[in-house]
Protein chains: 2
Amino acid sequence: MKFRYISLLSALLITGSICIGQTTQTAPVEDFKPTSTNQPGKQFPQVNSERRVRASISAPQAQKVMLDIGGKRYDLTKDEKGVWTGVSDPLDEGFHYYQMNIDGAQVPDPGSLFFYGASRWGSGIEIPAKDQEFYALKDVPHGVVREQLYYSKITESWRRCFVYTPPDYDKNISARYPVLYLQHGSGEDETGWAVQGKANLILDNLIAKKKAVPMIIVMDKGYATKAGQTQQPQGAPQRGAGGMSAFEEVMIKEIIPMIDANYRTKADRLNRAMAGLSMGANQTIQITMNNLDVFSNIAGFSGTSNYPNTTAIDPATFQGGKYKDGAAVNKQVKVFWLGLGTKEPNPFPASVRAFRDMLEKQGIKYVWYESQETAHEWLTWRRDLYQFAPLLFR
Amino acid sequence: MKFRYISLLSALLITGSICIGQTTQTAPVEDFKPTSTNQPGKQFPQVNSERRVRASISAPQAQKVMLDIGGKRYDLTKDEKGVWTGVSDPLDEGFHYYQMNIDGAQVPDPGSLFFYGASRWGSGIEIPAKDQEFYALKDVPHGVVREQLYYSKITESWRRCFVYTPPDYDKNISARYPVLYLQHGSGEDETGWAVQGKANLILDNLIAKKKAVPMIIVMDKGYATKAGQTQQPQGAPQRGAGGMSAFEEVMIKEIIPMIDANYRTKADRLNRAMAGLSMGANQTIQITMNNLDVFSNIAGFSGTSNYPNTTAIDPATFQGGKYKDGAAVNKQVKVFWLGLGTKEPNPFPASVRAFRDMLEKQGIKYVWYESQETAHEWLTWRRDLYQFAPLLFR
């Protein structure tokens with residue numbers, strides 16, 4: 001089965017609707033400011049109140065420089081000093097991967113911080129959201145994010161995850177905590193949730209308001225290749241004997257035991273949750289439903305395990321019949337949660353709709369959340385986490 | 001006082017000896033391989049057994065593309081597909097910041113991982129060192145690196161440090177640990193030591209061999225601006241009333257108390273060390289000698305507190321007369337440690353020599369280490385840490 005992370009950019013590229021645009025025709029509002037994702041001290045890129053991006057780069061000998069953002073390329077214009085500048089159309093609120101194009105070379109913008117997405121480290125930009133308070137760095141107690149190295153025998157390689165421990169973890173040294181396993185999307189990696197996802201700040205803010213139970217969050221990499229096997233294309237879950245993907249095997253047999261051995265966890269199914277976005281949602285729903293002795297809480301952010309299909313699901317055959325007995329699922333699953341942004345491109349809305357129809361037909365209870373006016377990007381997923389985490393471990 | 005981090009690149013730029021070179025004339029040895037600092041799956045840049053770098057980038061419409069590395073720019077040549085490729089001269093072993101130049105635009109190489117140095121996030125490359133084993137990721141118990149956020153009242157801003165806790169820290173929950181405060185150089189930040197510095201892996205390897213006492217390492221940012229004051233140019237330590245730099249005040253009044261409150265430290269001078277590289281060495285020697293009630297172990301990697309002066313130091317007046325009474329210094333300081341690479345550019349060798357002459361004149365004991373065949377870069381500093389850490393807290 002093929003599964004691809006569709007950013008707004010790549011979705012438009014795939015459907016062939018990429019535009020080569022001139023810099024906006026109407027004069028933009030001149031209240032541009034450097035963005036929160038700029039490198040220290042860098043004046044560009046900037047964003048204005050219309051959510052337009054102004055990019056600028058010195059390239060005195062270049063013939064053509066473009067800003068490539070939000071599925072569109074914008075020609076920049078050169079001034080007498082050789083500095084190229086231009087403005088985009090208004091973009092959706094939230095986080096966008098982007099790049100510059102200089103005489104045909106696709107390169108990161110040296111003005112921006114770099115993030116891992118679209119299968120590369122490259123530029124990213126934050127378009128301020130009206131509700132940005134919920135993931136802002138505030139004067140509340142903060143947890144820490146730890147880089148945890150571990151050796152995987154299944155892949156015969158060193159792997160890394162990031163582990164959020166809540167503010168009281170190092171003080172309250174006899175307390176044990178429930179765990180949320182939180183996965184990125186296709187073309188992303190274990191850095192996504194704690195950097196552009198702001199998972200740590202979202203939980204710090206929720207815990208400070210007593211809206212969420214203090215919990216550990218484990219953010220690992222959703223790709224794994226079994227030793228001796230050829231690496232699969234990114235996004236193609238690799239299935240070994242018994243239909244278990246390599247990542248599922250790493251998660252169940254290595255990551256969870258490693259976390260339970262190294263952190264003060266409540267190591268039982270009632271205190272374990274898994275959530276993921278896009279490809280990570282697909283993986284989450286498959287892995288949790290295959291392992292209900294391990295997990296009792298499940299969330300799919302912008303994705304379900306029937307992706308990319310949009311046709312009606314037959315519960316008798318789908319995913320080995322795991323949804324056949326709806327009453328049994330309801331008994332075992334404490335929280336089944338699905339979310340989607342209202343501006344997400346196809347096939348996400350239709351694919352998630354088909355999955356919901358199946359759940360409803362089977363009488364399986366689930367929580368449904370729509371993120372208003374957001375696309376297939378990190379603002380949707382930050383909101384998903386903010387909505388989902390308070391329901392856990394109650 | 002002005003203090004600048006002189007990378008090999010900027011040293012050559014400053015002294016005006018920047019070269020615009022053609023791709024090497026003699027044919028390179030054709031054993032090029034992708035480097036350890038490449039982005040996942042990227043085939044370029046590559047390095048060969050002569051320590052030459054081959055860079056490659058697609059830029060079909062460009063007129064001129066250069067690789068800018070090691071203080072020299074190399075013209076790349078274009079093939080029929082629009083891909084530009086070229087090879088550098090042999091480079092020193094170790095870690096180098098570099099960039100690409102596309103028709104005059106200075107941009108990161110999209111094939112490399114990105115590092116903070118030279119006051120920017122940009123490309124870096126590892127030229128394999130003969131002794132790379134001591135900082136390799138090995139099958140030994142690993143500590144974790146934690147991202148610790150804290151609010152600084154002095155600067156009225158949120159700051160961040162990275163904290164290495166040794167392998168047994170979370171298991172041995174009644175044990176307390178000594179602390180090494182470890183600083184980066186000019187134009188670098190709190191990410192340097194745990195990423196390109198490999199401080200965590202160096203300590204994991206030393207601790208596994210019982211060559212170093214398990215310790216906590218705190219890596220903070222050596223820049224601070226007091227609230228209400230104008231930001232100083234990078235590298236210029238800001239001095240407030242009483243001659244205390246803003247960073248010194250943050251270190252003594254905020255970072256150390258925060259670490260002692262949040263980690264299981266041995267919170268006394270005998271169990272506290274500070275070390276730094278280049279600008280961080282200057283800061284370390286000043287801060288520790290001003291605060292011998294706080295620290296008893298001091299190390300300067302490629303730098304001393306008389307930088308950039310190379311003239312004889314008068315202990316009666318230098319740094320407020322802190323070295324006047326050599327016997328008193330010997331009594332208070334457990335380890336005074338200085339290191340330098342044999343290929344470092346001026347003024348480092350002469351400046352460090354003048355400082356050592358002063359120590360010797362005063363009868364102050366210190367350990368001297370020369371890193372053979374290394375420049376003013378991270379291989380020197382990794383070796384410094386590997387040599388210095390075993391002497392601590394004995």
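Reading guide: rules and limits
- Residues numbered from 1 in each chain as written.
- Chains lettered and ligands numbered in written order.
- Predicted model: local features only at pLDDT ≥ 70, side-chain atom pairs only at ≥ 80, totals over all residues.
- Heavy atoms only, no water.
- Helix = DSSP H or I, 4+ residues; strand = E, 2+ residues; numbered from the N terminus.
- Rg over C-alpha atoms; globule rule 2.2 N^0.38 Å.
- Buried < 20%, exposed > 50% of the residue type's maximum accessible area, 1.4 Å probe, protein only.
- Contact = heavy atoms within 4.5 Å.
- Areas by Shrake-Rupley, 256 points an atom, 1.4 Å probe, with all protein chains shown as cover.
- Lys, Arg positive; Asp, Glu negative; His and termini not counted.
- Charge placed at Lys NZ, Arg CZ, Asp CG, Glu CD.
- Phe/Tyr/Trp six-rings, centres within 6.5 Å; stacked < 30°, edge-to-face > 60°.
- Lys NZ or Arg CZ within 6 Å of the ring centre and 35° of its normal.
- Core = buried A, V, L, I, M, F, W, Y, C linked by side-chain atoms within 4.5 Å.
- Axes fitted to C-alpha atoms, helices over the stretch in contact; angles between N-to-C directions.
- Parallel < 35°, antiparallel > 145°, perpendicular 65-115°, else oblique.
- Left-handed = near helix turned anticlockwise from the far one by under 90°.
- Nonpolar A, V, L, I, M, F, W, Y, C, P; charged D, E, K, R; others polar.
- Pairing = 2+ DSSP bridges.
- 1 Å grid on protein atoms, 1.4 Å probe; cavity = no way out; pocket = protein on both sides within 12 Å on 5 of 7 lines; lining within 4 Å.
- Points joined across faces, edges and corners; volume = space filled by probe spheres on them.
- Least-squares fit on C-alpha atoms with pLDDT ≥ 70 in both.
- Salt bridge = Lys/Arg side-chain N within 4 Å of Asp/Glu carboxyl O.
- Expected span 1.5 Å × (residues − 1).

Draft legend 1. Representation of the overall build of chain A in the model. Across its full length, chain A carries seven helices and 20 strands. Here chain A has a C-alpha radius of gyration of 22 Å; the compact-globule value for 394 residues is 21 Å, and the two agree. Each principal axis of the C-alpha distribution contributes one length, and for chain A these read about 70 × 50 × 45 Å. Per-residue burial over chain A gives 61% buried out of 394 residues. Of the contacts formed within chain A by residues at least 6 apart in sequence, a portion of 71% connects residues at least 24 apart. Total accessible area on chain A stands at roughly 14,900 Å², and carbon and sulfur atoms take up 52% of it. When the 45 positive and 40 negative side-chain charges of chain A are each reduced to one mean point, those points stand 4 Å apart.

Draft legend 2. Structural detail: the packing of aromatic side chains. Under the counting rule described, the total for this entry stands at 43 aromatic pairs over all chains. Geometrically, the ring pair formed by Tyr-169 of chain B and Tyr-263 of chain B is tilted, given 6.4 Å between the ring centres and 50° between the ring planes. Remark: Tyr-263 of chain B occurs in the loop between α3 (246-262) and β17 (272-277) and Tyr-169 of chain B occurs in the loop between β14 (157-165) and β15 (179-183); sequence separation between them is 94 residues. Pairing Trp-337 of chain B with Phe-388 of chain B gives two aromatic rings, centres 5.8 Å apart and planes at 55°, and the pair type is tilted. With a gap of 51 residues between them, Trp-337 of chain B in strand β19 (residues 335-341) and Phe-388 of chain B in helix α7 (residues 378-388) connect regions that are remote in the sequence. Judged by relative accessible area, Phe-388 of chain B falls into the buried class, the value being 0%. Three or more aromatic residues joined by ring pairs make a cluster, and in this case those are Trp-193, Phe-301, Trp-337, Tyr-369, Trp-378, Trp-381 and Phe-388 of chain A. The ring of Trp-368 of chain A is capped by Arg-356 of chain A, whose NZ or CZ atom sits 3.7 Å from the centre of that ring.

Draft legend 3. Structural context of the nonpolar core. Ranked by internal contacts, the top residues of the largest apolar core, which has 40 residues, are Leu-67 and Ile-102 of chain A together with Leu-67 and Ile-102 of chain B. The contacts of Ile-102 of chain A, once residues within four sequence positions are left out, are Ile-57, Ala-62, Lys-64, Val-65 and Val-107 of chain A together with Ile-102, Ala-105 and Val-107 of chain B. Core analysis: the next-biggest nonpolar cluster, separate from the first, contains 39 residues, Phe-134, Tyr-135, Leu-182 and Ala-389 of chain A among them.

Draft legend 4. Seen up close, the environment of Ala-105 of chain B. Looking at where Ala-105 of chain B falls in the secondary structure, it is placed in strand β10 (residues 105-107). With relative accessibility at 0%, the residue Ala-105 of chain B sits in the buried group. For the pair formed by Ala-105 of chain B and Glu-190 of chain B, sequence separation is 85 residues and the distance between their alpha carbons is 28 Å. Leaving out residues up to four positions away in the same chain, Ala-105 of chain B has contacts with Ile-57, Ser-58, Ala-59 and Ile-102 of chain A together with Met-100 of chain B.

Draft legend 5. Layout of the packing of helix α3 (residues 246-262) of chain A against helix α4 (residues 279-290) of chain A. Residue and element names in this part refer to chain A. Their axes nearest at 11 Å, the elements α3 and α4 cross at an angle of 55°. Here α4 runs oblique to α3, going by the angle between their axes. In the packing of α3 onto α4, the handedness of the crossing is right-handed. Counted together, Phe-247, Glu-248, Met-251 and Ile-252 of α3 and Gln-283, Ile-287 and Asn-290 of α4 form the full contact between these two elements. Grouping the constituent residues of the contact of α3 with α4 by class yields four nonpolar, two polar and one charged.

Draft legend 6. Region of the structure containing the sheet that holds strand β2 (residues 33-34) of chain B. All names here are of chain B. Pairing is antiparallel in the open sheet, where five strands are placed in the order β2-β3-β4-β8-β7. Taken across any chain shown, the strands that pair with only one partner, and hence form the sheet edges, are β2 and β7 (77-78). Summarising the sheet, β7 and strand β8 (residues 83-87) pair through two bridges and their orientation is antiparallel. Bridged to Thr-77 within β8 is Thr-85.

Draft legend 7. Spatial organisation of the layout of surface pockets. Residues and elements named next belong to chain A. Considered as a void within the structure, the second largest pocket measures approximately 450 Å³ in volume. Those elements that provide at least two residues to the lining of the second largest pocket are β13 (144-152) and α3. For the lining of the second largest pocket, the element with the most residues is α3, which contributes five residues. Taken together, the residues of the lining of the second largest pocket sort by class into 13 nonpolar, five polar and six charged.

Draft legend 8. Just the relation of the copies chain B and chain A, in detail. Note on the identical chains: chain B maps onto chain A by a rotation of 180° and an axial translation of 0.0 Å, with an RMSD of 0.0 Å. The transformation just described matches what one would write down for a two-fold rotation axis. Looking at the rotation axis and the C-alpha trace of chain B, the residue lying nearest is Arg-146 of chain B, at 2.1 Å. Here 100% of the interface residues in chain B have copies in chain A that are interface residues too; the copies meet face to matching face.

Draft legend 9. Spotlight on the pattern of salt bridges. According to the stated counting rule, one finds 40 salt bridges over all chains in the structure shown. Between Lys-64 of chain A and Asp-75 of chain A there is a salt bridge whose closest N-O contact spans 3.1 Å. Here Asp-75 of chain A lies in strand β6 (residues 72-75) and Lys-64 of chain A lies in the loop between β4 (53-58) and β5 (65-69), a separation of eleven residues in the sequence. Among the ionic pairs, Lys-253 of chain B bridges to Glu-249 of chain B, the shortest N-O distance being 3.2 Å. In this pair, Lys-253 of chain B and Glu-249 of chain B both sit in helix α3, four residues apart, roughly one turn of the helix. Through salt bridges with shared partners, a single ionic network connects Arg-146 and Asp-170 of chain A together with Arg-146 and Asp-170 of chain B.

Draft legend 10. A look at helix α6 (residues 348-361) of chain A. All names here are of chain A. With 14 residues, α6 extends 20 Å from end C-alpha to end C-alpha; this agrees with the ideal 20 Å at 1.5 Å per step. Phe-348, Ser-351, Val-352, Ala-354, Phe-355, Arg-356, Met-358 and Leu-359 are the residues of α6 that are buried. Where α6 ends, the next residue or the one after it, Gly-363, has phi of about 70°, a positive value.

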